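# Fold and geometry: a report
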Amino acid sequence: MTTPAPTPMKIDFVSDVSCPWCVIGLKSLEDALGRVAGEVRAELHFQPFELNPQMPAEGQDIGEHLAEKYGSTPEQSQRNREMIRARGQDVGFTFSMDKRSRIYNTFDAHRLLHWAEEEEGEGKGRQLALKEALFKAYFTDGESPGSHEVLARVAGEVGLDITRAKAILASGEYADAVREREQFYLQQGIHSVPAVIINDKHLISGGQPAEVFEQALRQIAAGG
């Protein structure tokens, strides 16, 4: 009996590099994809979303930001950070809460991610590698995802052309394309992330456990 070919699946992962739940959601999705590897052949695309599009280049103190945006007390923020740290540990990611003291503008990070997806040949898979490296730089190492120096270095670390990355960052290249994609998803009703869209029609919201993604992937593959 021949084994059926894996079902091709397009997955758009709408997220921001400064969103901790996006880290958790991505790790859980990758776990789920590993579990259904023989049944699903996924094509993963990272789409831009800015939690704080008006954030200035120098960023803002994280406690001050959370209090202003969500009305969070220091105690509530601390409980939330601990919950995120524990969920990260569950999926194999280290959130170094003591190193992350500021929120930054992430628009330039999204420009590099857009470029990484366009890279052909050897660049295949570089967008995922860049996304994960940016998550680590911010959440584990406490570096600024708004810093051109950090962005160019991280791009080089995942095998992208560092000279080209610096040139993109120094220009406005891909800015219009990123804004267009951001507007598209806002118009589709995406106002919180992560938002995982499968085959342009099935939406899974939030940093769900791997089991939720696994069940959805199997159902969609089966035509459900």
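Structure: above.
What counts as what
Residues numbered from 1 in each chain as written. Predicted model: local features only at pLDDT ≥ 70, side-chain atom pairs only at ≥ 80, totals over all residues. Heavy atoms only, no water. Axes fitted to C-alpha atoms, helices over the stretch in contact; angles between N-to-C directions. Helix = DSSP H or I, 4+ residues; strand = E, 2+ residues; numbered from the N terminus. Parallel < 35°, antiparallel > 145°, perpendicular 65-115°, else oblique. Left-handed = near helix turned anticlockwise from the far one by under 90°. Contact = heavy atoms within 4.5 Å. Nonpolar A, V, L, I, M, F, W, Y, C, P; charged D, E, K, R; others polar. Expected span 1.5 Å × (residues − 1). Buried < 20%, exposed > 50% of the residue type's maximum accessible area, 1.4 Å probe, protein only. Patch = residues over 30% accessible without salt bridge, like charges linked within 9 Å, V, L, I, M, F, W, Y side chains within 5 Å. Areas by Shrake-Rupley, 256 points an atom, 1.4 Å probe, with all protein chains shown as cover. Salt bridge = Lys/Arg side-chain N within 4 Å of Asp/Glu carboxyl O. Lys, Arg positive; Asp, Glu negative; His and termini not counted. Charge placed at Lys NZ, Arg CZ, Asp CG, Glu CD. Pairing = 2+ DSSP bridges.

Attention now moves to the packing of helix α6 (residues 148–157) against helix α7 (residues 162–170). Packed helices, taken two at a time, are described by the angle their axes make and the gap between the axes. With their axes 8 Å apart at the nearest point, α6 and α7 run at an angle of 150° to one another. In terms of their interaxial angle, α6 and α7 are classed as roughly antiparallel. The way α6 lies across α7 gives a crossing that is right-handed. Contact with α6, carried on its side by H148, L151, A152, R153, A155 and G156, involves I162, A165, K166 and L169 of α7 and no other residues of that element. Split into classes, the residues belonging to the contact of α6 with α7 amount to six nonpolar, two polar and two charged.

Turning next to helix α5 (residues 126–140). With 15 residues, α5 extends 20 Å from end C-alpha to end C-alpha; this agrees with the ideal 21 Å at 1.5 Å per step. Along α5, the positions that sit buried rather than exposed are R126, Q127, L130, K131, L134, F135, A137, Y138, F139 and T140. Those residues of α5 hidden inside the fold are in contact with β1 (7–15), α1 (20–35), β2 (40–48), β4 (102–103), α4 (107–118) and α6. Count one or two residues on from α5 and you reach G142, which has phi positive near 75°.

Let us look at the packing of α4 against α7. Put simply, α4 and α7 touch, their axes get as near as 10 Å, and they point 130° apart. Relative to α7, α4 is oriented oblique. Crossing angle aside, the handedness with which α4 passes α7 is right-handed. Residues D108, R111, L112 and W115 of α4 form the contact with α7, whose own contacting residues are R164, A165, I168 and L169. Taken together, the residues of the contact of α4 with α7 sort by class into five nonpolar, no polar and three charged.

What follows covers a negative patch on the surface. Negative charge collects at one region of the surface, where E43, E117, E118, E119 and D161 lie side by side. One can find E43 in strand β2.

Moving on: the sheet that holds β2. The strand order β2-β1-β5-β6 describes an open sheet built from four strands, whose pairing is mixed. Lying at the two open borders of the sheet, with one neighbouring strand each, are β2 and β6 (202–205). Between one strand axis and the next, the sheet turns through 20° on average, direction left out of account. Where β1 lies against β2, nine bridges are found, and the strand directions are parallel. What sits directly across from S15, in β2, is P48. Contacts between helix α9 (residues 210–221) and the sheet are confined to β1, β2, β5 (195–198) and β6, with β1 contributing the most and set at about 140° to the helix.

Just distances and angles here, no functional claims.
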